[in-house]
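So you can see what is in the structure, the chains are spelled out below.
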There are 2 protein chains.
Amino acid sequence: MARHPEKDRNPTRSRAAILDAAEHLFAERGFQATSLNDVGAVAGVSRGTPGYFFGSKADLYRAVLDRCFAEVGEAVRTGRARALTGSHTPHAILAGAVGDYFDFLAARPNFIRLIEREALSAGGLLNGAGHLSAGQEALAAIAAELGLDESPSGDAAHVLLSIIALCWFHLIHARTVAPAVGVVLQSAEDLDRRKRHVVNLVLYGLRGLSGNLTPTLTGSSSHD
Amino acid sequence: MARHPEKDRNPTRSRAAILDAAEHLFAERGFQATSLNDVGAVAGVSRGTPGYFFGSKADLYRAVLDRCFAEVGEAVRTGRARALTGSHTPHAILAGAVGDYFDFLAARPNFIRLIEREALSAGGLLNGAGHLSAGQEALAAIAAELGLDESPSGDAAHVLLSIIALCWFHLIHARTVAPAVGVVLQSAEDLDRRKRHVVNLVLYGLRGLSGNLTPTLTGSSSHD
DNA sequence: GCTAACTTGCTATTCGACAAGCAAGCCCTC
DNA sequence: GAGGGCTTGCTTGTCGAATAGCAAGTTAGC
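Residues numbered from 1 in each chain as written. Chains lettered and ligands numbered in written order. Predicted model: local features only at pLDDT ≥ 70, side-chain atom pairs only at ≥ 80, totals over all residues. Heavy atoms only, no water.

**A word on the relation of the copies chain B and chain A**
- With an RMSD of 0.1 Å, the operation that places chain B on chain A is a rotation of 180 degrees combined with a shift of 0.0 Å along the axis. Taken together, the rotation and translation relating the two chain copies correspond to the operation of a two-fold axis. Relative to the rotation axis, the C-alpha of Gly-205 of chain B is the closest in chain B, positioned 1.8 Å from it. (Least-squares fit on C-alpha atoms with pLDDT ≥ 70 in both.)

**Quick word on the interface of chain B and chain A**
- The partner chain A presents 54 residues to the 53 residues of chain B that form the contact.
- Regarding the contact of chain B and chain A, the summed buried area is about 5,000 Å², with carbon and sulfur atoms giving 68% of it.
- For the pair chain B and chain A, the interface holds zero salt bridges.
- If you look at where chain B meets chain A, you find 22 residue pairs in polar contact (both at pLDDT 80 or more). (Contact = heavy atoms within 4.5 Å. Buried area = accessible area lost by both parts, 1.4 Å probe. Salt bridge = Lys/Arg side-chain N within 4 Å of Asp/Glu carboxyl O. Polar contact = N/O pair within 3.5 Å; in protein donor to acceptor, adjacent residues only side chain to side chain.)

**Some words on the pattern of salt bridges**
Residue and element names in this part refer to chain A.
- Taken as a whole and assessed by the stated rule, the structure comprises 18 salt bridges over all chains.
- With a closest N to O distance of 4.0 Å, Arg-77 and Glu-137 form a salt bridge. Within this pair, whereas Arg-77 is found in helix H4 (residues 57-85), its partner Glu-137 is found in helix H7 (residues 129-146), the two being separated by 60 residues in sequence.
- Since its relative accessible area comes to 39%, Arg-77 is described here as partly exposed.
- With a relative accessible area of 25%, Glu-137 lands in the partly exposed category.
- One continuous salt-bridge network, built from bridges that share partners, spans Asp-20, Glu-23, Arg-67 and Glu-71. (Helix = DSSP H or I, 4+ residues; strand = E, 2+ residues; numbered from the N terminus. Buried < 20%, exposed > 50% of the residue type's maximum accessible area, 1.4 Å probe, protein only.)

**Description of the side chain of Glu-118 of chain B**
- With respect to the element layout, Glu-118 of chain B can be found in helix H6 (residues 109-120).
- Side chain to side chain, Glu-118 of chain B and Tyr-61 of chain B meet in a polar contact 2.5 Å long.

**What to know about helix H8 (residues 155-172) of chain B**
- Taking 1.5 Å as the rise per residue, H8 of chain B with 18 residues should run 26 Å; its terminal C-alpha atoms sit 26 Å apart, in good agreement.
- The sharpest bend along H8 of chain B reaches about 25 degrees and sits at Leu-166 of chain B. (Expected span 1.5 Å × (residues − 1). Bend = angle between axes of the 7 residues up to and from the residue.)

**Describing the environment of Arg-193 of chain A**
- In this structure, Arg-193 of chain A sits in helix H10 (residues 188-205).
- Residue classification places Arg-193 of chain A among the partly exposed positions, given a relative accessible area of 35%.
- Residue contacts for Arg-193 of chain A: discarding those within four places in its chain leaves Ser-153, Gly-154, Asp-155 and His-158 of chain B.

**Comments concerning helix H10 (residues 188-205) of chain B**
- Over its 18 residues, H10 of chain B runs 25 Å from end to end, which matches the ideal 26 Å to within 8%, given 1.5 Å per residue.
- When we look at burial in H10 of chain B, the residues that qualify are Asp-190, Arg-194, Lys-195, His-197, Val-198, Val-199, Asn-200, Leu-201, Val-202, Leu-203, Tyr-204 and Gly-205 of chain B.
- Structurally, H10 of chain B contributes buried residues whose contacts are with helix H8 (155-172) and H10 of chain A together with helix H5 (90-106) and H8 of chain B.

**Regarding unusual backbone geometry**
- The backbone of Ser-153 of chain A sits at a positive phi, close to 60 degrees, despite the residue not being glycine.
- With respect to the element layout, Ser-153 of chain A can be found in the loop between H7 and H8.

**Focus on the domain arrangement of chain A**
All names here are of chain A.
- According to the domain assignment, chain A contains domain 1 (1-55) and domain 2 (67-224).
- Domain 1 puts 10 residues into the contact, and the matching count from domain 2 is six residues.
- Where domain 1 touches domain 2, the interface holds three salt bridges.
- The closest approach of N and O atoms between Arg-67 and Glu-23, which form a salt bridge, is 3.1 Å. (Domains from an automatic or database assignment.)

**Points about the nonpolar core**
- Within the largest apolar cluster, 121 residues are counted, with the highest numbers of intra-cluster contacts made by Leu-60 and Trp-168 of chain A together with Leu-60 and Trp-168 of chain B.
- Here Trp-168 of chain A is in contact with Tyr-101, Leu-105, Ile-112, Ile-115 and Glu-116 of chain A together with Phe-169, His-173 and Val-177 of chain B, once residues within four sequence places are set aside. (Core = buried A, V, L, I, M, F, W, Y, C linked by side-chain atoms within 4.5 Å.)

Here it is as structure tokens:
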């Protein structure tokens, strides 16, 4: 009898299980409210194992953030490469990109919750090259696509920030602000309706930019 | 010698000082990370006084939220009354309202941080009649102004949620997402530029709603 | 002097960090 | 090739610090 296979020693598996458990718990309860005891319990190891592999609780938190950013950065890069392969009008490209980003965030609740908590803590640990470079890539892409000013605090940056805000906010506030103003976000159809609203708002809102837009975008009046 | 005058007994003043300190600390560090010791220290009372006046830490937290919602609800109500006194075009009224809401949130960092933390905690304590009624009032106002569907998850609700998202997001993420995508939000001019972008985005974006808008809005092409 | 407004002492609990212990496999030597 | 020691993975014991809540004490003002 080869013992219980799940009790075999496997540091790779243990590290991953601890990271998974910590990511979930940190995202769900926050750093202060999760104990290493909880992390060990969810990961299926003892209370001391997280400390054994990651040193301190703060180090474990940093490891969680690092892995999260690495995964998201990779997803953004491949997603953008895929978006550029099709040859559509700028209008359709932008609509597709906004819709994809909307779905992308919706599929990663741990990620947005971790960043949201990071934003609320004065720490400012958000210097990871992963997220920053993804933002800069998106900025360059949107500036090129729409012929906008790419400089810091230029039009392209504000447009990008607004897109993120619109794709992000309802995920955090689905149980607070959204129902308070009469937006229900429970079924998949609810989310889809929200998505269509956001895409439309961005597409038409771009026509109100201070500068003139490229004629190919302002001239087209139909979408999809 | 009449002792130190600030050491006089004054329950009203003490309660208010404790609520102020707790609001600031809860907003800044969160519920778990603030101790009643800290609250007492900031409020200028001893470590036991918060418990004496408010019972438990959770009760103090609820009291902070209650007072915060009451204040914000009142501010929303008076602000809306003031906005309705002027007789401008729907275009200008909406632009003014969005800009006012933008400034309103920027002036209340404790409020948005508390709600943000509330949204991240699974609790769902956001059933206070104060915030809910304010949202419903705003919904009715925007639906009437633009001639939109006021039903749950209707156009008016989505427009309102988008306005809130655009006025809210950059305040939380001024040190995280905003700089990552190239938006600097430090000086007053930076904030004003963001405000003008948001107002323009909303005004022009409304023309892309699925249904038709009232001609008074869609017909006007100049703003301010 | 009596009550309300605090303060201080105490206790139980939690939690992070460290240290010690234990077991499983790998390598090295004979 | 086998036996023993050594490294690595992981658990458990323990300590010290922080903290919430209660209870007893203390003072101020009517």
